[in-house]
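# Chain and residue survey
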Amino acid sequence: MFNPLLGGVYPYFKKVMSLVVRVVAPDKTVWDDEAEEVILPSTTGQLGILGGHAPLLTALDTGVLRVRATSGSKEWTSIALMGGFAEVEDDEVTILVNGAELGASIDRSAAEKAYEEAQAKSDSTAGGDRKAVMQARNALKKARARVQAAGGNV
């Protein structure tokens, strides 16, 4: 905000603090860059992280991580996560996951087809063996995350 009496800008308005975000899967580092904002799929719901956030350790569900890079763009990058943990400390967000894929690298039509197949499998196992039901639900969650990260709606 502009204040002519103070010679311009209020002294307590600072530049937006950025975060260093790392997404690490067992086989590769999926993301390692600065960001202005991160939205995590925690096991208790969506969790938004900005610069200056209090230290935090949280479990992550299978879902979509959204990252807004510091390049001044309003664009969000989507990453499909397959469960894991996130730690926030000193403007660093470290995300350790079982698996991850950048949304831009996912073939949307193939992901939608896999989602439909997982939906059919989940429907067919309903009321059956508990292990088969849980496996089908997990496969459906993973397929849904991949479709959403690729920009689809399910």
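The structure we're discussing is the one just above.
Now for a look at the structure at hand. (Residues numbered from 1 in each chain as written. Predicted model: local features only at pLDDT ≥ 70, side-chain atom pairs only at ≥ 80, totals over all residues. Heavy atoms only, no water.)

We now examine helix H1 (residues 108-125). Taking 1.5 Å per residue as the helical rise, H1 with its 18 residues ought to reach 26 Å, and the 26 Å between its terminal C-alpha atoms agrees with that figure. Every buried residue of H1 is accounted for by Ala111, Tyr115, Ala118, Ser122 and Thr125. Around the axis of H1, the buried residues are gathered within 95° of arc, so they sit on the same side. The outward face of H1, more than 90 degrees from its buried face, is lined by the exposed residues Lys113, Glu116 and Ser124. Tucked into the core, H1 has its buried residues touching helix H2 (130-149). In the segment just after H1, Gly127 is the residue with positive phi, at about 80°. (Helix = DSSP H or I, 4+ residues; strand = E, 2+ residues; numbered from the N terminus. Expected span 1.5 Å × (residues − 1). Buried < 20%, exposed > 50% of the residue type's maximum accessible area, 1.4 Å probe, protein only. Arc of directions from axis to C-beta. Contact = heavy atoms within 4.5 Å.)

For the rest of this paragraph, the subject is the environment of Ala118. Inspection of the secondary structure puts Ala118 in helix H1. Sequence separation of Ala118 and Ala136 is 18 residues, and the distance between their C-alpha atoms is 6.8 Å. With near-sequence residues (within four places) excluded, Ala118 lies in contact with Ala139, Leu140 and Ala143.

Let us now look at unusual backbone geometry. One non-glycine residue, Asp90, adopts positive backbone phi at about 50°. With respect to the secondary-structure elements, Asp90 resides in the loop between strand E7 (76-89) and strand E8 (92-97). Here the phi dihedral of Asp91 falls at roughly 60°; this positive angle occurs in a residue that is not glycine. The class of Asp91 is partly exposed, set by a relative accessible area of 22%.

Looking now at the pattern of salt bridges. The final tally for this structure, using the stated rule, is seven salt bridges. Residue Arg22 pairs with Asp32 through a salt bridge whose shortest N-O separation is 3.5 Å. One end of the pair, Arg22, is in strand E3 (residues 19-25); the other, Asp32, is in strand E4 (residues 28-42), and ten residues separate them in sequence. With relative accessibility at 29%, the residue Arg22 sits in the partly exposed group. Here Glu92 ties to Arg22 by a salt bridge, and the two come within 3.5 Å at their closest N and O atoms. Taken together, the residues Glu92 in strand E8 and Arg22 in strand E3 connect sequence positions 70 residues apart. Here the residues in one salt-bridge network are Arg22, Asp32 and Glu92, joined through shared partners. (Salt bridge = Lys/Arg side-chain N within 4 Å of Asp/Glu carboxyl O.)

In this model H2 runs 29 Å from its N-terminal to its C-terminal C-alpha over 20 residues, within 8% of the 28 Å that 1.5 Å per residue would give. Looking only at H2, the buried set comprises Val133, Ala136, Leu140, Ala143, Ala145, Val147 and Ala149. Packing partners of the buried residues in H2 comprise strand E6 (56-69), E7 and H1. Two residues or fewer past H2, Gly151 is found with a positive phi of approximately 100°.

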